[in-house]
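Understanding the architecture of this molecule
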Amino acid sequence: MMDKKEKASAPKVPTGDARRRFFLKAAWGGIASFLLGSAVVFARFFYPRVLFEPPTRVKVGKPSEFLPGTVDTRFKDQYGVWIVRDDENRIFALRTVCTHLGCTPNWIESRNKFKCPCHGSGYLRNGVNVEGPAPRPLDRYKITLVDDGQILIDKSVIYRSVADKDPDETNPQSILIV
Ligand code: FES
């Protein structure tokens, strides 16, 4: 038999009612969490998922800003393009993507060629592949002269090169004559 003191210090065992109330609260808590989660997902549905991409049409300046016989590397990082003006005043926009596995080559002025750091492919200034595993020349973007006299590069139009073919002949429309 427990005496009065022992009875007072013994842990309280929940009665049937208290247990029922506890489970009821837990169940309502679960339902409330589920409804709240669903409401958040539902509300999120009405907000567009916006993807900010760099512009595909970019102005790079007037032809006079590109000297004959030079490769302009100013737009490589920002727009992924090299602007080349040859000695015959033909301008074209080379895509800065190696045609082997997509690395970004570098223009090496002292060697007069583009060199890919990944597997060593080399390209002449007109984009023709001359060494390494690259299977074809560099691609070119569409290039035009617009009303304000600037050169516009349209990156949504890519003139794809063909293996063992001169890109000037494959894609004559990739050249702007100034
Ligand atoms: Fe350029 Fe392989 S990705 S050589």
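Going by the structure above, here's the rest.
This report concerns the structure included in the present document. Keep in mind that this is a model prediction, so the values were computed, not measured.

Right, let's talk about the environment of Cys118 for a bit. Relative to the helices and strands, Cys118 is located in the loop between strand S6 (113–115) and strand S7 (122–123). Sequence separation of Cys118 and His100 is 18 residues, and the distance between their C-alpha atoms is 9.4 Å.

All right, on to the side chain of Ser121 then. Its place among the elements puts Ser121 in the loop between S6 and S7. Taking relative accessible area as the criterion, Ser121 reaches 1% and is therefore assigned buried. Within the structure, the side chain of Ser121 is placed 2.9 Å from the backbone nitrogen of Ala134, a separation counted as a polar contact. The contact partners of Ser121, leaving out residues within four places of it in the chain, are Cys98, His100, Phe114, Lys115, Cys116, Glu131, Gly132, Pro133 and Ala134.

Okay, the side chain of Arg140 next. For Arg140, the location among the structural elements is in strand S9 (residues 140–145). According to the relative accessible area criterion, Arg140 is buried, its value standing at 1%. Reaching out from Arg140, the side chain makes a polar contact with the side chain of Asp168 at a distance of 2.8 Å. The residues contacting Arg140, other than those within four sequence positions of it, are Phe92, Ala93, Leu94, Arg95, Asn126, Val157, Ile158, Tyr159, Pro167, Asp168, Ser174 and Ile175.

Moving on, we get to the pattern of salt bridges. Evaluated as defined, the whole model comprises twelve salt bridges. With a shortest N-O distance of 2.8 Å, Lys115 and Glu131 are connected by a salt bridge. Of this pair, Lys115 sits in strand S6 while Glu131 sits in strand S8 (residues 129–131), placing them 16 residues apart in sequence. With a relative accessible area of 26%, Glu131 lands in the partly exposed category.

Enumeration over the complete set of coordinates arrives at one disulfide. Linked covalently through their sulfurs, Cys103 and Cys118 form a disulfide whose S-S length is 1.9 Å. One disulfide, between Cys103 and Cys118, carries an S-S torsion of -90° and so falls in the left-handed class. Taken together, the residues span a long stretch of sequence, with Cys103 in the loop between strand S4 (90–95) and strand S5 (106–108) and Cys118 in the loop between S6 and S7 at a distance of 15 residues.

Let us now look at unusual backbone geometry. Its identity as a non-glycine residue notwithstanding, Asn89 has a phi of 60°, on the positive side. For Asn89, a relative accessible area of 25% translates into the label partly exposed. The phi torsion at Asp164 lies on the positive side, around 60°, for a residue other than glycine.

Moving on, we get to the nonpolar core. In this structure, Val60, Val81, Ile83, Ile151 and Ile153 are the most contacted members of the largest nonpolar core, which totals 14 residues. Secondary-structure elements contributing two or more residues to this core are strand S1 (57–61), strand S3 (81–85), S4, S9 and strand S10 (151–159). Setting aside anything within four residues of it in sequence, one finds Ile83 in contact with Val60, Phe66, Thr70, Val71, Asp72, Phe75, Ile91, Phe92, Ala93 and Ile153. If you look at the next biggest cluster of nonpolar residues, it comprises twelve residues, including Trp82, Phe92, Trp107 and Ala134.

Turning our eyes to something else, we now look at the packing of aromatic side chains. For the structure shown, the criterion picks out four aromatic pairs. Taking the centre distance of 4.3 Å and the plane angle of 40° together, the rings of Trp82 and Phe114 count as tilted. With Trp82 in strand S3 and Phe114 in strand S6, the pair connects residues that are 32 residues apart, well separated along the chain. For Trp82, a relative accessible area of 0% translates into the label buried. Of the residues examined, Phe114 reaches a relative accessible area of 0% and is grouped as buried. Where Trp107 meets Phe114, the ring centres are 4.8 Å apart and the plane angle is 55°; that geometry is what we call tilted. Since its relative accessible area comes to 13%, Trp107 is described here as buried. Connected via pairs of aromatic rings, a cluster forms that spans Trp82, Trp107 and Phe114. One Lys or Arg, Arg140, reaches over the ring of Phe92 and ends 4.0 Å from the middle of that ring.

Criteria and thresholds
Residues numbered from 1 in each chain as written. Predicted model: local features only at pLDDT ≥ 70, side-chain atom pairs only at ≥ 80, totals over all residues. Heavy atoms only, no water. Helix = DSSP H or I, 4+ residues; strand = E, 2+ residues; numbered from the N terminus. Buried < 20%, exposed > 50% of the residue type's maximum accessible area, 1.4 Å probe, protein only. Polar contact = N/O pair within 3.5 Å; in protein donor to acceptor, adjacent residues only side chain to side chain. Contact = heavy atoms within 4.5 Å. Salt bridge = Lys/Arg side-chain N within 4 Å of Asp/Glu carboxyl O. Disulfide = S-S within 2.5 Å. Core = buried A, V, L, I, M, F, W, Y, C linked by side-chain atoms within 4.5 Å. Phe/Tyr/Trp six-rings, centres within 6.5 Å; stacked < 30°, edge-to-face > 60°. Lys NZ or Arg CZ within 6 Å of the ring centre and 35° of its normal.

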